[in-house]
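Structural overview for review
Letter by letter, the chains look like this.
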Amino acid sequence: MLFFDDLIAHEDNVSRTFPILGTAFSVPMLLTCSVHAATPQSFHQPPLYELRATPSGPQCVPSEAGLPASVWSPASDYGPETSMLFEEGNVLVLSAVHKPSGEHVSHRFYKREDLCKQDLERKPETTSLTKTAGGDGLTYVQRLQRDYGARLHFATAQAERTVRTINIDCRAMDGRYLPLHNALLARLENANEPNAWIETRVASAGKGLKVYDSVHMRDGKVRKPQLIFEVNEWGAVTQHGVRSDVLENACYGTHGPIWQF
């Protein structure tokens, strides 16, 4: 899920000298910004729609009773559930790993039918390029880690563990998802300029995260870190000084093959 022109707007001289740092990629793009105190509990009341596979194909199926008590059957076959909120709290994605197969499985619920139909109409690419090696034998994501991993800093081991466990559901019927760690690495590549670059620091904030960017100049100057966004325990994002964009830009290849299945 995501931009740096808004960040460097705080520094007029940098903004004039490095406009390309506004490359359209940052995490608030991936996790559609939510400024509301939305939680999954708000989905227990109808109206509610589920994007569900049916014998006649995927459909938006209304649920008169609201969110079911459990979506995993049998529950013992699935790992811990994660909850992510999108579209200002109007879309809830519940994800877990199916332990017998290792498959990442998601259920998607919507408070608005139009958002469900919007996801239903998406036609993503069919191949995950994260598994395609280049001439150096590395995948795209492995090259990101090699070239930009040193610019991604974690305040604590817990902050790193949290980032590595967050998988952003792309709300596509092929089941693709976007590891947050991949998204953070991709932002660093997109913000790499001849005379400046950014470094990102992730800190724990209760059960959530706070993410900071700092602009580094080739002459050795470093701009004061700016809080870019916060992620709460439900995956909802509050953005600070950056603009949001649509999730599919990252999930469908616009900024590089960083999603998985």
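Scroll up a little and you will see the structure.
Residue numbering note: each chain is counted from 1, following its sequence as written. Only residues with pLDDT of 70 or above have their local features reported here, since the model is predicted, and side-chain atom pairs are shown and tallied only from 80 upward, although totals for entire chains, interfaces and linings are computed over all residues. The side-chain values count all of the structure's non-hydrogen atoms but skip hydrogen atoms and water molecules.

Focus on the pairing of strand 3 (residues 82-86)
Remark: a regular strand shows side chains that alternate across the two faces of the sheet. The condition that has to hold: Burial classes follow relative accessibility: with a 1.4 Å probe on protein chains only, a residue under 20% of its type's maximum area counts as buried, one over 50% as exposed, and anything between as partly exposed. Secondary structure elements are defined from DSSP: runs of H or I of at least 4 residues count as helices, runs of E of at least 2 residues count as strands, and each element is numbered from the N terminus. We treat two strands as partners when DSSP finds at least two bridges between them.
Extensive coverage of strand 3 is indicated by the burial of four of its five residues. In terms of strand pairing, strand 3 meets strand 4 (residues 91-98) through five bridges, oriented antiparallel. Note on strand 4: the bridge partner recorded for Phe86 is Val91. Where strand 3 folds back onto strand 4 in an antiparallel hairpin, the turn is made up of four residues, including Glu87, whose phi is positive at roughly 50°.

Brief notes about the environment of Arg218
Let me state the cut-off plainly: The criterion used for residue contact is that any of the two residues' heavy atoms lie within 4.5 Å. By the criterion applied in these results, polar contacts are pairs of N or O atoms within 3.5 Å in which, for protein atoms, one can donate a hydrogen and the other can accept it, and in which residues neighboring in sequence qualify only through two side-chain atoms.
Relative to the helices and strands, Arg218 is located in the loop between strand 10 (208-217) and strand 11 (226-231). For the pair Arg218 and Trp197, spaced 21 residues apart in sequence, the C-alpha separation works out to 8.2 Å. Aside from chain neighbours lying at most four places away, what touches Arg218 is Arg151, Asn192, Glu193, Pro194, Asn195, Ala196 and Trp197. Polar contacts involving the side chain of Arg218 include one to the main-chain carbonyl oxygen of Pro194, which spans 2.9 Å.

A closer look at the layout of surface pockets
We count it as follows: Using a 1 Å grid laid over the protein atoms alone, points where a 1.4 Å probe fits but cannot get out form a cavity; open sets with protein on both sides within 12 Å along at least 5 of 7 lines form a pocket; any residue with an atom within 4 Å of a point counts as lining. Grid points are joined across faces, edges and corners, and a volume is the space filled by probe spheres set on the points. Ten residues, namely Ala, Val, Leu, Ile, Met, Phe, Trp, Tyr, Cys and Pro, are considered nonpolar, four, namely Asp, Glu, Lys and Arg, are considered charged, and the remaining ones, Gly among them, are considered polar.
In this structure, the largest pocket spans a volume of roughly 450 Å³. For the largest pocket, the lining is made up of 22 residues, of which Glu81, Thr82, Ser83, Thr165 and Ile166 are closest to its centre. Put simply, the parts of the chain that give the lining of the largest pocket at least two residues each are strand 3, strand 4, helix 6 (157-165) and strand 10. In terms of residue class, the lining of the largest pocket is made up of eight nonpolar, 11 polar and three charged. Put simply, the second largest pocket is a space of about 220 Å³. Lining the second largest pocket we find 15 residues, and of these His104, Val105, Ser106, Arg108 and Gly175 sit closest to its centre. Of all the elements in the fold, those that place two or more residues in the lining of the second largest pocket are strand 1 (49-54) and strand 5 (103-110). Of the residues forming the lining of the second largest pocket, the biggest block, six residues, is contributed by strand 5. Per-class residue counts for the lining of the second largest pocket are six nonpolar, four polar and five charged.

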